[in-house]
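Reading the structure
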Amino acid sequence: MAPAFTPLLPVHKPVPEDIVIAQSVEPVHIEEIAKIAGLLPGEYDLYGIHKAKVKLSVRDRLKDAKPGKYVVVAGITPTPLGEGKSTTTIGLCQALGAYLKKKVITAVRQPSQGPTFGIKGGAAGGGYSQVIPMEELNLHLTGDIHAITAANNLLAAAIDVRMFHENAQSDEALFNRLCPADKQGRRTFAPVMLRRLAKLGITKTDPAELTPEEVRRFARLDIDPASITWRRVVDTNDRFLRGITTGQGAEERDQTRATGFDITVSSEIMAVLALSSDLADMRERLGRMVIGNSRAGEPVTADDLGVGGALTVLMKDTIEPTLMQTLEKTPVLVHAGPFANIAHGNSSIVADQIGLKLVGEEGYVVTEAGFGADIGMEKFMNIKCRASGLAPDCVVLVATVRALKMHGGGPPVVAGTPLPHAYTTEDVGLVTAGCCNLARHIDNARKYGVPVVVAINQFAADTPAELEAVKKAAQDAGASAAVICNHHGLGGAGAADLAQAVVEACHSPAVPPAFKFLYDVNLPIKAKIEIIAKEMYHAAGVEYTEQAEAQIEKYTRMGFHNLPICMAKTQYSFSHDPKAKGAPSGFTLPIRDVRASVGAGFLFPLVGNMMTMPGLPTRPCFYDIDIDMKTGKIVGLS
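Each residue is numbered by its place in its chain's sequence as written, counting from 1. Only residues with pLDDT of at least 70 are given local features in this predicted model, and only at 80 or more are side-chain atom pairs given and counted; all residues enter the totals for whole chains, interfaces and linings. Side-chain measures were taken over the full set of non-hydrogen atoms in the model, leaving aside hydrogen atoms and water.

The name given to the protein in an unreviewed UniProt entry is formate--tetrahydrofolate ligase, with Chlamydomonas leiostraca as the source organism. According to the UniProt record, the Pathway (unreviewed entry) comment for the protein reads "One-carbon metabolism; tetrahydrofolate interconversion." UniProt positions are given in the numbering used here, feature names are shortened, and annotations may be inferred rather than shown by experiment.

With that settled, consider the environment of Glu466. Counting from the N terminus, the helices are DSSP H or I runs at least four residues long and the strands are E runs at least two residues long. Its place among the elements puts Glu466 in helix α18 (residues 464–476). Each C-alpha atom, one on Glu466 and one on Asp427, is 7.2 Å from the other, the two residues being 39 residues apart in sequence. What makes two residues a contact is simply this: any of their non-hydrogen atoms within 4.5 Å. Those residues in contact with Glu466 that lie beyond four places of it in its chain are Val401, Lys405, Thr425, Glu426, Asp427, Val428, Val431 and Ala461. Here the side chain of Glu466 touches Lys405 through a polar contact of 2.8 Å, side chain to side chain. Definition of a polar contact: a pair of N or O atoms within 3.5 Å, with one able to donate and the other able to accept a hydrogen when the atoms are protein atoms, and with sequence-neighbouring residues admitted only if both atoms are side-chain atoms.

Domain delimitation follows an automatic or database domain assignment. When the domains of the protein are assigned, the result is domain 1 (18–142 + 317–506), domain 2 (145–315) and domain 3 (525–606). Measuring from the centre of the C-alpha atoms in domain 1 to the corresponding centre in domain 3 gives 27 Å. Opposite the 25 residues of domain 1 that make contact, domain 3 presents 24 residues. For the domain 1 and domain 3 pair, buried surface summed over both sides reaches about 2,100 Å², with 62% attributable to carbon and sulfur atoms. In terms of surface lost to domain 3, no three residues of domain 1 exceed Ile342, Asp374 and Arg440, which account for 29% of the buried area on that side. Criterion for a salt bridge: a side-chain nitrogen of Lys or Arg within 4 Å of a carboxyl oxygen of Asp or Glu. Counting across the interface, domain 1 meets domain 3 through 2 salt bridges. In this description, buried area is defined as the sum, over both parts, of the accessible area (probe of 1.4 Å) that is lost when the two are combined.

Moving on, we get to the pattern of salt bridges. Oppositely charged side chains are able to pair whenever their charged atoms sit close together. All chains considered together, the criterion is met by 32 salt bridges. Residue Arg402 is joined to Glu83 by a salt bridge in which the shortest nitrogen-to-oxygen separation is 3.4 Å. Of this pair, Arg402 sits in helix α16 (residues 401–407) while Glu83 is found in the loop between β3 (69–75) and α4 (85–99), placing the two residues 319 residues apart along the sequence. Taking relative accessible area as the criterion, Glu83 reaches 5% and is therefore assigned buried. A salt bridge links Lys472 to Asp476, with the shortest nitrogen-to-oxygen separation between them at 2.7 Å. Taken together, the residues Lys472 and Asp476, both in helix α18 and 4 residues apart, mark about one turn of the helix. Both residues of the pair, Lys472 and Asp476, count as exposed. Several salt bridges converge on common partners, so that one network encompasses Arg195, Arg283, Glu284 and Asp303. Any residue under 20% of the maximum accessible area for its type is buried, any over 50% is exposed, and the rest in between are partly exposed; the area is computed with a 1.4 Å probe on protein chains only.

Right, here's the structure in full:
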């Protein structure tokens, strides 16, 4: 299908590698992008010439400005290869800005370096729809992930050393070291200690006035080692760190403990960043993160350990989104990158709030929800929008012929191996059979009162008959529009029709604003889990292990029962079984465990085993990554 617009980029067929395209376009100075976005010179700090940190003061300046339209890009249940949500998000924004001349800002997550050097590669988009410089996006960017690593591991160190010192000291000795005397013999509480005193109901502010019992309660956290959920992190796929034993040094008095590492983006601190509204909010969230409980069953927080303020110091610059650009010079805000299974899988509310004010009431902010819509979109609606107070004007649901063939009964799609014959030859029947998955995602999205536009992401092997079958199925299922796109091969020009459909959906008089959450957050924990299971996944019911039952009782007793639910489930099926393709229903959803991210502000039930530290394959991406010594350019990033 010929594009409605002539591409502004010099496109080639076949489409070159992503890094070749990215390096063929010279980014403009980020000050130009800041002007396009509407930022004033004092509202950002330069990080080189292609990146800048945006100050939250811009939100204050524009507090009375009417916000733009808010669009979230989600996807059908994907193959392991992905269906191009990031590419669609960026291509749509290039179309809105460079072709339809709308004011637009893209809001996306920062990629983890784990997949970059592992099997998936980077997350800058692809083809002629990318964020550039893609090397900087996929590597260190402005250091936010490194700051999260440092903060997470400082808290981990604080946990172990507190248990170490409590095991070796009397109450009085411990108290005296926590509140050392000055040269005049006076003891004082550090400001963070006042938070623990308030939690304990102790109103005294002079250490000398505490009774021996108050000294004991204040100084001795008495952490139950078996309850500790906080693990160390590193932003590298390293399977041999999944399970480790700490405390094996000669000076640690045999105080060993079995624990492990997760990948940095799975840290609760990453989710805290994504859901914080400002630095003060982030300080409170970091302080109330629960790392385990005492032997008496009371939650132990980062502030109990005295480290909440220090975590905030390490994290202070991360609260500012990073400004970048697309290949077609539209602004991008990159901020946060939480996992989409044990966390909510969306970029920050700060970036969205800033973007919506900058674009104004005639503009658009387009963001992306991780994994399939049953996971990322559901969490966007019920967690992110609940925290931000924002409501989307449109859902863009990305579908591919490839994924629909898989859901129609096609052979398994395996990353790193050639696609089976069924995916490279026409089979309209297979596509049509798989459209049950698309139809369910459309129905799920419409339950939130938001119009749905289906973006049919075209691949080279797709035939006109297959694409039209998807288009018809989407429209029959209630989508406002279904558009065939080729933004990978044509950039924004290949998504211009999609952009027009999104504009019309956002302004449709037939769709009054009727956004609604799926559940009342004040319902009991089990009731919220079961609403998600039945309404989003079409489960017949839910079953809980003894461990899950015990955790639900514990979190209810601790007062965490009114938090939203963040289901940790496979992205490869509506059910808990990744092999159950299409639109399974009538199954019983097993809840293995329930855990709490109290600082971030949600409970996450575990549906089966969740991998929080990926491993490297036999042939990782790092084999291809190097530097061209003649040009100084990075090669091999994907």
